[in-house]
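The primary structure of each chain is shown beneath.
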2 protein chains.
Amino acid sequence: MKQYLTENVLPFWLNNAIDEEYGGIFTCLDEAGNIYGEEKSVWFQGRALYIFSNAYNSGFKNKCYLDAAKKIYDFLPLCGDENGRMYFTVTRDGKEIQKRRYYFSETFAAIGCCEYYLASGDENAKVLSEKYFDIAYSIYCNPNLTTPKFNPETSPYKALSPSMIMLSTAQVLRQINKEKYDKIASEMVVKILKHFTEYGLLENIGQNDEFIDTPTGRTLNPGHSLEAAWFLMAEGQYKNDTDLMKKAKDIIDISMQHGYRNGGIIAFCDCLGKPAGALEWDMQLWWPQCEALIANRLCYEIFQEEKYLKWYEDLKEYTFSHFEDTEYGEWYGYLHYDGTVANTLKGNIFKGPFHLPRMLLLLDKIENGKSIL
Amino acid sequence: MKQYLTENVLPFWLNNAIDEEYGGIFTCLDEAGNIYGEEKSVWFQGRALYIFSNAYNSGFKNKCYLDAAKKIYDFLPLCGDENGRMYFTVTRDGKEIQKRRYYFSETFAAIGCCEYYLASGDENAKVLSEKYFDIAYSIYCNPNLTTPKFNPETSPYKALSPSMIMLSTAQVLRQINKEKYDKIASEMVVKILKHFTEYGLLENIGQNDEFIDTPTGRTLNPGHSLEAAWFLMAEGQYKNDTDLMKKAKDIIDISMQHGYRNGGIIAFCDCLGKPAGALEWDMQLWWPQCEALIANRLCYEIFQEEKYLKWYEDLKEYTFSHFEDTEYGEWYGYLHYDGTVANTLKGNIFKGPFHLPRMLLLLDKIENGKSIL
């Protein structure tokens, strides 16, 4: 895992994606690493900053990781407005293209700055990390600060992803403020578990935490569920909470049951088997495989049940033989339902150096008996 | 074509989709015609109103078409706000779920009301038709009336779809006001042709009508291009404009070259062969097949070149053997790249009684030597 990370995945991005002229990182890279679009994803400024800094902090003290991180860190201030709200995409030179209501840009910037502070010692990065978190958390607590996409009167759903991203972000930021983020993490665990029903870990539940029998209410995203499961399991491990770890194991079981198909994890399904909403529902995207690998490997480490080792080994064999590009490095992002490559791109606005290197960093820790939080 | 329309496609929707209690039409129907979601698409209130009224007006004077049309027509006023702006989706009883900046709901309501006026003689429907058109056209002419999704300074694209929908809507509404809509149709032909370049009929061009070498600028939607081609060809036929018909033929040629793959028409591609942006890029959606069938059949009728008859016959054979559900009727909407069924649904917010029945109505006209405008 360590070798694949440091000799294949990270070099692919370091060699092709860092913008030496304007700073920041490109992610629209084709199979060979050529840039096919200069639009920059703000999510990936924060995510790549996190990955390069985290790799540096994880003992791979390669100076070029820190250099790349600095080039991205210096570009971050261009990615938001005067109120600290960040954009979704910017031009090569950091001018706004699209701003969205969601605050994922801010949460990824928060983890990026936090890890960069730990790598560089730059106190300003610590301040920025908390600033970005606080903006995101204030919107999390007061959704009225943004215009809702759907009428809340007729579409009264609570979504899973805001609580998930807050838990994950708090799990990183507790490195700089244990008390504050331990409390927020505990709050988020409770919120996430409200989504866990007999139908699976639902993407959307009602205002009273009830199952709503509509296409939106029935939606499952198995990769998302498996990601949440390892967030929860790691939190249980951190707090020595056996009950929480067991619940996370149950989420893995039901998510594998819904999501495992043709050797990999599908993108979406309807929990009652009705038609899925997304066209790509049975495609195999790279990131759900990464989350499934982490969840099953961590679960095996903790519970020592062979089932999880078997799933892990099977998924590892399948993903490396189907997603890996042995010629140019890194993974393809999108396979058809039958495991053939659907798109040869290595990156776009949603795929860049995050899920795969994060998985490699975590699996290296788990396999070496280290805690992942 | 006529038999398939009247004995298969229209009955599928008439028997399963009309809401006898609240009025309007459902479109979230599974394979067997069961409703799996009650959210109503406002696009499809207008589109279904158009189809049932048009079928009635096209000589299939089945009273149940007019009855269904009336149930949908009566539901329309619930689908918009006090300013006449329509929603994108509503609850079963017509309360707003989502409102979008786009005005396609209004243009589909305009063609629905126009055709319903011609079917029923209800003068109020004629007034409504023009009202909906005027709202849409005022936004078309003044995009500043809505909040742009992308920063116009850094994302200065002109999109193809607004001019296409305006041409198509004007082609229907000229039945109630020839002079007004002939003029608008001519204006739109000029606008659409600006998108026609050596790379194909581009979805997005620059403010000076130039090709922009970015993922957005390079995007082709072959089904969209083929649809535009038959809009233009029909307009050329209507105005006896040979040059326009020839240009439409050239658009068909380049669109088939980009879009025809594995027996059907794909959803998207990059005009320079770089990675396509949409995950579903090589899926075969039902509607591009319908547009390709109309375009090639009309082109053959006008130019009598065997190539178009061959494409038409090949596509007809392929689509009816792959999209048709011989058990419950209607077509599946989404095939994988290899022609297998990706989703068994018959309808959703974007698929309902429109492209397939419109194709059947038009092919019946073309095969009987009638003008389609």
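Structure's up top.
Residues numbered from 1 in each chain as written. Chains lettered and ligands numbered in written order. Predicted model: local features only at pLDDT ≥ 70, side-chain atom pairs only at ≥ 80, totals over all residues. Heavy atoms only, no water.

### Examining the interface of chain A and chain B
Often the size quoted for an interface is simply the accessible area lost on bringing the parts together. Selection criterion: Between two residues, a contact is recorded if the distance between any of their heavy atoms is within 4.5 Å. When two parts are brought into contact, each loses some accessible area as probed by a 1.4 Å sphere; the total of that loss over both is the buried area. Throughout this description, the term salt bridge denotes a Lys or Arg side-chain nitrogen within 4 Å of a carboxyl oxygen of Asp or Glu. The term polar contact refers here to a pair of N or O atoms within 3.5 Å; inside protein, the definition further demands a hydrogen-donor-capable atom paired with an acceptor-capable atom, and it admits residues adjacent in sequence only when both atoms are side-chain atoms. Every helix listed is a DSSP run of H or I at least four residues long, and every strand listed is a run of E at least two residues long, numbered separately from the N terminus.
Between chain A and chain B, the residue contacts involve 32 residues of the former and 32 residues of the latter. Surface buried jointly by chain A and chain B totals about 2700 Å² across both partners, of which 58% is contributed by carbon and sulfur atoms. Counting every contact that joins chain A to chain B gives zero salt bridges. Scanning the region where chain A abuts chain B turns up 18 residue pairs in polar contact (both at pLDDT 80 or more). Put simply, the parts of the chain that give the side of chain A that touches chain B at least two residues each are strand S3 (96-98), helix H8 (215-218) and strand S14 (341-343) of chain A. At three residues, the largest contribution of residues to the side of chain A that touches chain B is made by S3 of chain A.

### Side note on the sheet that holds S3 of chain A
Residue and element names in this part refer to chain A. For clarity, the cut-off: Note: two strands are recorded as paired if DSSP finds a minimum of 2 bridges between them.
Ordered in space as S1-S2-S3, the three strands form an open sheet in which the pairing is antiparallel. In this open sheet, the two strands that pair with only one neighbour each are strand S1 (40-41) and S3. Strand direction decides the pairing type here: strand S2 (residues 89-90) and S3, joined by two bridges, are antiparallel. By the bridge assignment, Thr89 is partnered in S3 with Gln98.

### Some details on the pattern of salt bridges
Residues and elements named next belong to chain A. This is how the line gets drawn: Only protein chains enter the accessibility calculation, which uses a 1.4 Å probe. A residue is then buried if its area is under 20% of the maximum for its type, exposed if over 50%, and partly exposed in between.
With the rule as written, the count across this model stands at 59 salt bridges over all chains. As a salt-bridge pair, Asp93 and Lys95 come within 2.9 Å of each other at their nearest N and O atoms. Its relative accessible area of 30% is what places Asp93 among the partly exposed residues. Classification of Lys95 by relative accessible area gives partly exposed; the value is 46%. One network of salt bridges, with partners in common, ties together Asp19, Glu21, Glu38, Lys40 and Arg92.

### Quick notes on the packing of aromatic side chains
Where we set the bar: Classification of ring pairs rests on two measures: the distance between centres of Phe, Tyr or Trp rings, Trp counted by its six-membered ring, which must be within 6.5 Å, and the angle between planes, read as stacked under 30 degrees, edge-to-face over 60 and tilted in between.
Counted under the stated rule, the structure contains 42 aromatic pairs over all chains. On the basis of an interplanar angle of 85 degrees and a centroid distance of 5.7 Å, the ring pair of Trp43 of chain A and Phe88 of chain A is categorised as edge-to-face. Separated by 45 residues along the polypeptide, Trp43 of chain A in helix H2 (residues 42-57) and Phe88 of chain A in the loop between helix H3 (63-75) and S2 bring together distant segments of the chain. This pair shows no difference in class: Trp43 of chain A is buried, exactly as Phe88 of chain A is. An angle of 20 degrees between the planes, with centres 5.6 Å apart, marks the rings of Phe133 of chain B and Tyr137 of chain B as stacked. Pair noted here: Phe133 of chain B and Tyr137 of chain B are both in helix H5 (residues 123-141), with a separation of four residues, about one helical turn.

### A word on helix H1 (residues 2-16) of chain B
Residues and elements named next belong to chain B. Just so we agree on the cut-off: In this analysis, the expected span of each helix is defined as 1.5 Å times one less than the number of residues it contains. Throughout, the bend at a residue refers to the angle made by two axes, fitted to the seven residues ending there and to the seven starting there.
Given a rise of 1.5 Å per residue, 15 residues ought to cover 21 Å, and the 20 Å separating the end C-alpha atoms of H1 matches this to within 8%. Leu10 marks where H1 bends most, by close to 40 degrees; the proline Pro11 follows one to four residues later. Considered for burial, the residues of H1 that qualify are Tyr4, Leu5, Asn8, Val9, Leu10, Pro11, Phe12, Trp13 and Leu14. The inward-facing, buried residues of H1 contact helix H2 (42-57), helix H3 (63-75), helix H12 (306-322) and helix H13 (355-367).

### Some points on the side chain of His224 of chain B
All names here are of chain B. Mapped onto the elements, His224 comes out in helix H9 (residues 222-239). Residue His224 is classed as buried on the basis of its relative accessible area of 12%. A distance of 2.9 Å separates polar atoms of two side chains, one belonging to His224 and the other to Glu203. His224 has contacts with Leu160, Ser161, Met164, Glu203 and Trp287, leaving out every residue within four places of it along the chain.

### Here we look at H9 of chain B
Three or four residues apart is the spacing at which side chains of an α-helix point the same way, because the helix has 3.6 residues per turn. All names here are of chain B. With 18 residues, H9 extends 25 Å between its outermost C-alpha atoms, agreeing within 8% with the 26 Å of an ideal straight helix rising 1.5 Å per residue. The buried count for H9 comes to 15 of 18 residues, which makes it a mostly enclosed element. Positive phi shows up at Asn240, right after H9, with a value of about 55 degrees.

### Points about the side chain of Ser105 of chain A
Structurally, Ser105 of chain A can be placed in helix H4 (residues 104-120). Setting aside anything within four residues of it in sequence, one finds Ser105 of chain A in contact with Val42, Trp43, Met86, Tyr87 and Phe88 of chain A.

### With respect to the layout of surface pockets
Residues and elements named next belong to chain B. Operational definition: Cavity and pocket criteria rest on a 1 Å grid covering protein atoms alone: a 1.4 Å probe that fits but cannot get out defines a cavity, protein on both sides within 12 Å along at least 5 of 7 lines defines an open pocket, and an atom within 4 Å of a point defines a lining residue. Grid points are joined across faces, edges and corners, and a volume is the space filled by probe spheres set on the points.
Here the second largest pocket is characterised by a volume of approximately 370 Å³. Lining the second largest pocket are 20 residues, and of these Tyr50, Asn54, Val172, Leu362 and Ile372 sit closest to its centre. Going through the elements one at a time, H2, helix H4 (104-120), helix H6 (160-173), H9 and H13 are the ones with two or more residues in the lining of the second largest pocket. Examining the composition of the lining of the second largest pocket, we find that four residues originate from one element, H13, more than from any other.

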